[in-house]
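Coordinate inspection notes
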Amino acid sequence: MVAATRSASTLLVELLTEELPPKTLKTLGQAFADRIAEGLTQAGLTTGAANAVTIFATPRRLGVAIADVHERAADRIETKKLMPARVAYDADGAPTPALMKRLEKEGADASSLSMRAEAGVDTVWLEQTRAGVTLAVGLQQALDNAIAKLPIPKRMSYQLYDHAGRETTVQFVRPAHGLVAMHDGTVVPVHALGIEAGNQTAGHRFIGKRFVALRSADDYAKSLRDDGKVIASFAQRRETIRKQLLQAAGDDRVVMPDALLDEVTALVEWPVVYRGTFDERFLDVPQECLILTMQQNQKYFALTDASGAIVNRFLVVSNVQTSDPTVIVGGNERVLRARLADAKFFFDQDRKKKLDDRVEGLRTVVYHNKLGSQYARMQRVEALAGIIAGMIGVDANEARRAARLAKADLLTDMVGEFPELQGSMGRTYALHDGERPDVAAAIEEQYRPRFAGDALPVTNLGVCLALADKLETLVGMFGVGAVPTGDKDPFAMRRHALGVVRMLMEKDLRVDLVSLVGAALDVFANHPFDRAATVRDVVEFVRVRAAGYGRELGYSSNEVEAVLYSDMKGSIDASFTRRLAAINAISARPEFLSLAAANKRVGNILKKSHDAFGHTLSPTLLCEPAELALHHSLQSINPRLQTAIDGGDFLGALLPIAELREPVDAFFDTVMVNVVDQPLRNNRLALLVALQAEMNRVADLSRLVAT
């Protein structure tokens, strides 16, 4: 780089718009700031330090302040290889036409050329000093790129008219009305969306100054706060709301999900929290319904007592500050009263019809065009739940009963209004109908885990139903070829697969994945699925999720793969994490590293012998001392190995395997496997097959060898 005299000051960029979509404002603000900062860094106008960037995002603006931005980037020396010297110069050393044409194209002369050897060949290089870009040019490029690449799902089209009345169509997330670009106290001459940059922004629509003139970039946030009644920083506004909510709650507790807090932050520029109440009669409605009504319909924050029970009070975040909030609070209370009355009506109406009486209605609800209705799906899940119940020690009749009622709440008014209450309302209505508590609990728990890190079903019956529900989806969708592609996963199959893995592991279920998938295929008897391919594909799909699960627990990729490819042939059961722990405990020991290498060698030999697995080991054909010793060691460790595995002591099972190191090393040092004598060769291959089987009882040791 060539040094240049440059001044470094704060740069402010703000795009003033009509109200932006609240659910995406945080993302839009981050992306806008990131892309402008990235563009300036690439242009050499700033260092790119993350702590130098301040993000601004309100309902009507996207902005960023970046410290230490230069008026002009430093000049730089650009070096470029042109051509071999023999092509650039003739025999007399004069420039050839090819060289002169290239110099003309580059806008350079012969004084910028140099010669250096590259791979033994003299090569001509061009060295030029490129002037650093000005801030106006660099910012314009960064601004254009930021606007073009904002993550906007759907852009609006609107028209702008110039002084001559000519119309231009502009596309953006919302119509833009202003642009600020200031470097210290100077306006940077850039433009965007048909607007020229200036030094004037807009304050709060109702309680701030209509226009706020900025003296400098560093003055932006303070001027907007003091004169415009706008807290420009999304993060600061969010924290202000959080503190006000806690203060306004008093002795109550605030139900404050992050998504709602983010959305409310995106709806206001000067947040003020007010407290309202509603009629106690609405507390008869399940509190999940009340909370969702407040959050989704009105963006209110529900309050609970110390035990977690909802109270008849709520908090609203307003965009208007007033000394007398009576009108604001009263208006919100009236709106909420109507919403809660609807919820109570749905709840009262739903309870007039039992869940069991709704099941037939599932015949009219389409599940998948190749897999039939929700009623047909219910029948499959019902049959599968009965099978799984026998596998994991759950009452099969209760499992089938829970499965029969599991989807009936889809036909209730409450779930129709709030799909998020699937399962939860089913549990409430089942209890009202007099169903057994464990059946009702299973109806709610069937959807767990709903997201990464969510709680698993608590009851064994809930585990049974959740497994049946998820496996029916996985097998059915793979059977008809509806597999996830890229980021598209409309049936949440990745989440279902991880849920199956977590239940197997964390609930310590004594059943393996292949058996479960086979049972799920049995309930699709009327569908022409390729059984072998479906089992293979579903098991592999779940296995990939299990591998990720193992890595999240802190185990290495080699350790995870070693366990997944043990003698279980890619299946998974509750022993997966215990095997991982055992392998992790011994994988660094010298004897196991040696055995892993030997195991890999055994595998390579067996792969080259296509008939290796078709022979029977005959002890009478063992003649070399080393092969006799190896066979004796295998017979010696087998009972101890089997006892340890049967007892789930996988670390204890690995200790006998460690005893194989010396006889294995001696075998490979002194015994030739691929001898001319065919019976002898076949017997030694059979011995290696037996050796490999014993060594891989806990994990495929060969995969512990770094590749």
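Residues numbered from 1 in each chain as written. Predicted model: local features only at pLDDT ≥ 70, side-chain atom pairs only at ≥ 80, totals over all residues. Heavy atoms only, no water.

**Focus: the overall build of the protein chain**
The helix and strand tally for the protein chain stands at 26 helices and 20 strands. For 707 residues, the compact-globule estimate of 2.2 N^0.38 gives 27 Å, and the C-alpha radius of gyration of the protein chain, at 35 Å, exceeds that figure by more than 25%. Among the 707 residues that make up the protein chain, the fraction classed as buried is 50%. Look at the contacts in the protein chain between residues 6 or more apart in sequence, and 68% of them connect residues 24 or more apart. When the accessible surface of the protein chain is summed, it comes to about 33,100 Å², and 50% of that surface belongs to carbon and sulfur atoms. Each charge sign in the protein chain was given a centre, from 84 positive and 88 negative side chains, and these centres are 3 Å apart. (Helix = DSSP H or I, 4+ residues; strand = E, 2+ residues; numbered from the N terminus. Rg over C-alpha atoms; globule rule 2.2 N^0.38 Å. Buried < 20%, exposed > 50% of the residue type's maximum accessible area, 1.4 Å probe, protein only. Contact = heavy atoms within 4.5 Å. Areas by Shrake-Rupley, 256 points an atom, 1.4 Å probe, with all protein chains shown as cover. Lys, Arg positive; Asp, Glu negative; His and termini not counted. Charge placed at Lys NZ, Arg CZ, Asp CG, Glu CD.)

**Side note on the packing of helix α8 (residues 287–298) against helix α9 (residues 326–350)**
Look at α8 against α9: their axes get within 10 Å of each other, and the N-to-C directions meet at 130°. Relative to α9, α8 is oriented oblique. Of the two possible hands of crossing, α8 and α9 adopt the one that is right-handed. In this structure, α8 uses L290, T293, M294, N297 and Q298 to contact α9, whose residues at the interface are V335, L336, R339, L340 and A343. Looking at the contact of α8 with α9 residue by residue, the classes come out as 6 nonpolar, 3 polar and 1 charged. (Axes fitted to C-alpha atoms, helices over the stretch in contact; angles between N-to-C directions. Parallel < 35°, antiparallel > 145°, perpendicular 65-115°, else oblique. Left-handed = near helix turned anticlockwise from the far one by under 90°. Nonpolar A, V, L, I, M, F, W, Y, C, P; charged D, E, K, R; others polar.)

**Some details on the sheet that holds strand β10 (residues 186–187)**
Judged by pairing direction, the sheet is antiparallel, and its 5 strands sit side by side in the order β2-β3-β1-β9-β10 without closing on themselves. The open sheet terminates on both sides in strands that have one partner only, identified here as β2 (53–58) and β10. As defined by bridge partners, strand β1 (residues 8–17) adjoins strand β9 (residues 176–183) across 7 bridges and the pair is classed as antiparallel. Among the inter-strand pairings, L11 is bridged to a residue of β9, identified as H183. Packing against the sheet, helix α1 (residues 25–42) makes contact with β1, β2 and β3 (61–70), and its axis sits at approximately 25° to β3. (Pairing = 2+ DSSP bridges.)

What is shown is where atoms sit, not what they do.
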